[in-house]
Amino acid sequence: MKQLRTLKVLLVALWCLSVSVKSYAEVYSGSCGESVKWSVDTETGLLEITGSGEMKDYYYDDGTPWYLHRSSINKCTIENSVTSIGYKAFKACTGLTSITIPEGVTSIGDRAFRDCTGLTSITIPESVTSIGGYAFGGCTGLTSITIPNSVTSIGGGAFYGCTGLTSITIPN
């Protein structure tokens, strides 16, 4: 009888432990511009930027609304109707390995991807005309980037500290 009770207590303890270790995915969302919204799914690691118009600029390192979730973000998609990527928008999203910049984006703000050490390659669409200062600074995992002829200005230090960068392609 005592062994059965001990076994029950042990099973309950193991069940409680398994419940407390289990992770629960959550989706967080909000706005990041006048008509631009964001959502991040902590299970899939996907950050989605939707809506239309310009993204907001963030002047503090921890200013983006997804800052607390940046370590779980590994991919980002931006809707075609978004026209700019804001100042420090993705700064220090170190797990970010993939981002799709759509044709609607015309500018990439200063420090937009600063210290995104997980990014390995990026293609900038023909719609982009300006890349801000230090936009990709500190992206040590970045090995290749394609910059279209449409880009007429690149800010100082745009690729500063990109120690792995071996290929910059500017198509004709």
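Residues numbered from 1 in each chain as written. Predicted model: local features only at pLDDT ≥ 70, side-chain atom pairs only at ≥ 80, totals over all residues. Heavy atoms only, no water.

Novice: What exactly am I supposed to notice about the packing of aromatic side chains here?
Specialist: To describe a pair of aromatic rings, one takes the distance between the centres and the angle between the planes. Applying the stated criterion across every chain, the model contains eight aromatic pairs. Here W66 and F90 contribute two aromatic rings whose centre-to-centre distance is 5.9 Å and whose plane-to-plane angle is 25°, an arrangement assigned as stacked. Residue W66 is located in the loop between β4 (53-54) and β5 (75-78), and its partner F90 is located in the loop between β6 (82-85) and β7 (98-100); the two are separated by 24 residues in the primary sequence. F90 matches W66 in its accessibility class, with the two residues each being buried. Their ring planes at 75° and their centres at 6.0 Å tell us that Y134 and Y160 sit as a pair that is edge-to-face. Taken as a pair, Y134 in the loop between β10 (130-131) and β11 (144-146) and Y160 in the loop between β12 (153-154) and β13 (167-169) lie far apart in primary sequence, 26 residues in all. Judged by its relative accessible area of 29%, Y134 is partly exposed. Linked through ring pairs, W38, Y58, W66, F90, F113, F136 and F159 together constitute an aromatic cluster. Its end group placed over the ring of Y67, R70 keeps NZ or CZ at 3.8 Å from the ring centre. (Phe/Tyr/Trp six-rings, centres within 6.5 Å; stacked < 30°, edge-to-face > 60°. Helix = DSSP H or I, 4+ residues; strand = E, 2+ residues; numbered from the N terminus. Buried < 20%, exposed > 50% of the residue type's maximum accessible area, 1.4 Å probe, protein only. Lys NZ or Arg CZ within 6 Å of the ring centre and 35° of its normal.)

Novice: Would you mind showing me how to read the side chain of S127 here?
Specialist: Within the secondary structure, S127 is located in the loop between β9 (121-123) and β10. S127 gets classed as buried once you look at its relative accessible area, which sits at 17%. Sequence-distant contacts of S127, that is, excluding residues within four places in its chain, are made with P102, E103, G104, V105, T106 and S150. (Contact = heavy atoms within 4.5 Å.)

Novice: Explanation requested: the nonpolar core in the structure shown.
Specialist: Core analysis: the largest hydrophobic core is formed by 40 residues, its most contacted members being I49, I85, F90, I108, F113 and F136. Contributing elements (two or more residues each) for this core: β2 (36-41), β3 (46-51), β5 and β6. For this core, the element with the highest residue contribution is β2, accounting for three residues. In contact with I49, other than residues within four places in its own chain, are C32, V36, K37, W38, M55, W66, C76, T77, I78, E79, V82 and F90. (Core = buried A, V, L, I, M, F, W, Y, C linked by side-chain atoms within 4.5 Å.)

Novice: Would you mind showing me how to read the pairing of β6 here?
Specialist: The side chains of a regular strand alternate, first on one face of the sheet and then on the other. Judged from the two bridges that link them, β4 and β6 form a sheet pairing that is parallel. Counterpart to G53 in the pairing with β6 is V82. Taken together, the two bridges between β6 and strand β8 (residues 107-108) define a ladder with parallel strand orientation. In the sheet register, I85 faces β8, and the bridge partner there is I108. (Pairing = 2+ DSSP bridges.)

Novice: Even after reading the chapter, I still don't get the side chain of S84, so can you show me in this structure?
Specialist: Among the structural elements, S84 can be located in strand β6. We classify S84 as buried; its relative accessible area is 8%. Among the polar contacts listed, one links the side chain of S84 to the backbone nitrogen of M55, at a separation of 3.3 Å. Setting aside residues no more than four positions away along its own chain, S84 makes contact with G53, E54, M55, V105 and S107. (Polar contact = N/O pair within 3.5 Å; in protein donor to acceptor, adjacent residues only side chain to side chain.)

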